[in-house]
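# Coordinates in review
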Amino acid sequence: TKKQLPRILENIIDIGKNTKLTLDEFFENKDGVKLYNITYIVRDNAELKLLRKHDYTNKDNACNVIDSKFIQFPGSKVTTEIYGEGSKHTQDNMDFDIYNDCDTNVIGSFNLFKNYTNNMTVNINHLSPNSSSIVDVRTIGDDDSHSSFIGKININKQAENTEAHLENKNLMVSNKATMITEPQLDINTKEVICTHGCTVSNLDKDMLYYLESRGINDFESQELLKRCFITT
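Just so it is clear, the structure is predicted and the values come from calculations on it, not from any experiment.

With that out of the way, let us pick up the overall build of the protein. Within the protein, the secondary structure is distributed over 2 helices and 14 strands. The C-alpha atoms of the protein give 19 Å as radius of gyration, which agrees with the globular expectation for 232 residues (17 Å, within 12%). Considering only C-alpha atoms, the protein reaches an extent of 55 × 50 × 30 Å along its principal axes. Within the protein, contacts between residues separated by at least 24 positions form 85% of all contacts whose residues are at least 6 apart in sequence. Put simply, the protein shows about 12,100 Å² of open surface, and 48% of that area lies on carbon and sulfur atoms.

Laid out in structure tokens, this is it:
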């Protein structure tokens, strides 16, 4: 039999000084393994808004691994929004080098079901003073799905007046789902504001009962609570 080797795709995206760019990314599911290595260079005072969507079709045979490296020059701003439902294997690895006076936001929303998998790592490196970062990743796990999240904030000794917040919330709809979350902090200066919080919870039975008592059936009640979890 012929063995299909992984496809490796490498890209460098260089955003010039004082440029504002909105970039839409769509990662298609195809048979076999695809490895992506993408470097984003965001130069002085530039702004990047990255909208990353994973394919909602053909998930049973797809394996996508995306390694993203962000280099933020002084005064730059990066906002990433990532959406997906997982696949046979989906993995997003995001690494940020952040210099002075930068702003960084990582927003993730994942709704997993069947036996689909989504793994995500976010590594925030504050290297210089006066920068801020927010990481907010939310995942719903239903059926036999699998989710893992590792988030790390690194603050160098030189990175005074940094403000960093890390949050990962997980809603376990099925007791067969697997949801793993691991926050990490490495803070090397006192002049910072830093918070983190990671949770795994179930659907609120009181809220389900309330909605059903108002004439909303069980399936629609669950879907409503799931939408509220992702969007609020």
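Turning our eyes to something else, we now look at the sheet that holds strand β4 (residues 47-54). In space, the 7 strands of this open sheet follow the order β2-β4-β6-β8-β10-β12-β14, with parallel pairing throughout. Taken across any chain shown, the strands that pair with only one partner, and hence form the sheet edges, are β2 (20-27) and β14 (192-202). Across the sheet, the mean angle separating the axes of adjacent strands is 5° when strand polarity is ignored. Pairing between strand β10 (residues 132-141) and strand β12 (residues 162-172): 10 bridges, direction parallel. When the sheet's bridge partners are listed, Val137 is paired in β12 with Asn168.

Turning our eyes to something else, we now look at unusual backbone geometry. Of note in the backbone geometry, Asp101 takes a positive phi value of approximately 60° without being a glycine. Its location among the elements puts Asp101 in the loop between β7 (89-98) and β8 (103-112). Residues other than glycine seldom take positive phi values, yet Asp143 does so here, at roughly 55°. With respect to the secondary-structure elements, Asp143 resides in the loop between β10 and β11 (146-155). Overall, Asp143 belongs to the partly exposed group, its relative accessible area being 33%.

Quick look at the pairing of β12 now. Each regular strand shows side chains that alternate between the opposite faces of the sheet. Here β12 runs beside β14; their pairing, made up of 11 bridges, is parallel. Of the residues in β14, the one forming a bridge with Leu171 is Ser201.

On to the pattern of salt bridges, then. Inspection of every chain in the model, using the stated rule, returns 10 salt bridges. Between Lys69 and Asp95 there is a salt bridge; the shortest N-O distance is 2.5 Å. Of the two residues, Lys69 is situated in strand β5 (residues 62-72) and Asp95 in strand β7; the sequence distance between them amounts to 26 residues. Where Arg138 meets Asp136, a salt bridge forms, and the shortest distance between an N and an O atom there is 3.2 Å. Take Arg138 and Asp136: they sit in the same class, and that class is buried.

Given 3.6 residues per turn, any residue in an α-helix points the same way as the ones three and four places further on. Here helix α2 (residues 218-231) contains 14 residues, and its C-alpha end-to-end distance of 20 Å stays within 8% of the 20 Å for a straight helix at 1.5 Å per residue. Every buried residue of α2 is listed here: Ser221, Leu225, Lys226 and Phe229. For α2, the angular spread of the buried residues around the axis is 135°, confining them to a single face. Opposite the packed face of α2, turned more than 90 degrees from it, sit the exposed residues Phe219 and Thr231. Against the buried residues of α2 lie β8, β10, β12 and α1 (205-213). The distance from a side-chain oxygen at the start of α2 to the backbone nitrogen of Phe219 is 3.2 Å, and the residue carrying that oxygen is Asn217.

What counts and what doesn't
- Residues numbered from 1 in each chain as written.
- Predicted model: local features only at pLDDT ≥ 70, side-chain atom pairs only at ≥ 80, totals over all residues.
- Heavy atoms only, no water.
- Helix = DSSP H or I, 4+ residues; strand = E, 2+ residues; numbered from the N terminus.
- Rg over C-alpha atoms; globule rule 2.2 N^0.38 Å.
- Contact = heavy atoms within 4.5 Å.
- Areas by Shrake-Rupley, 256 points an atom, 1.4 Å probe, with all protein chains shown as cover.
- Pairing = 2+ DSSP bridges.
- Axes fitted to C-alpha atoms, helices over the stretch in contact; angles between N-to-C directions.
- Buried < 20%, exposed > 50% of the residue type's maximum accessible area, 1.4 Å probe, protein only.
- Salt bridge = Lys/Arg side-chain N within 4 Å of Asp/Glu carboxyl O.
- Expected span 1.5 Å × (residues − 1).
- Arc of directions from axis to C-beta.
- Polar contact = N/O pair within 3.5 Å; in protein donor to acceptor, adjacent residues only side chain to side chain.

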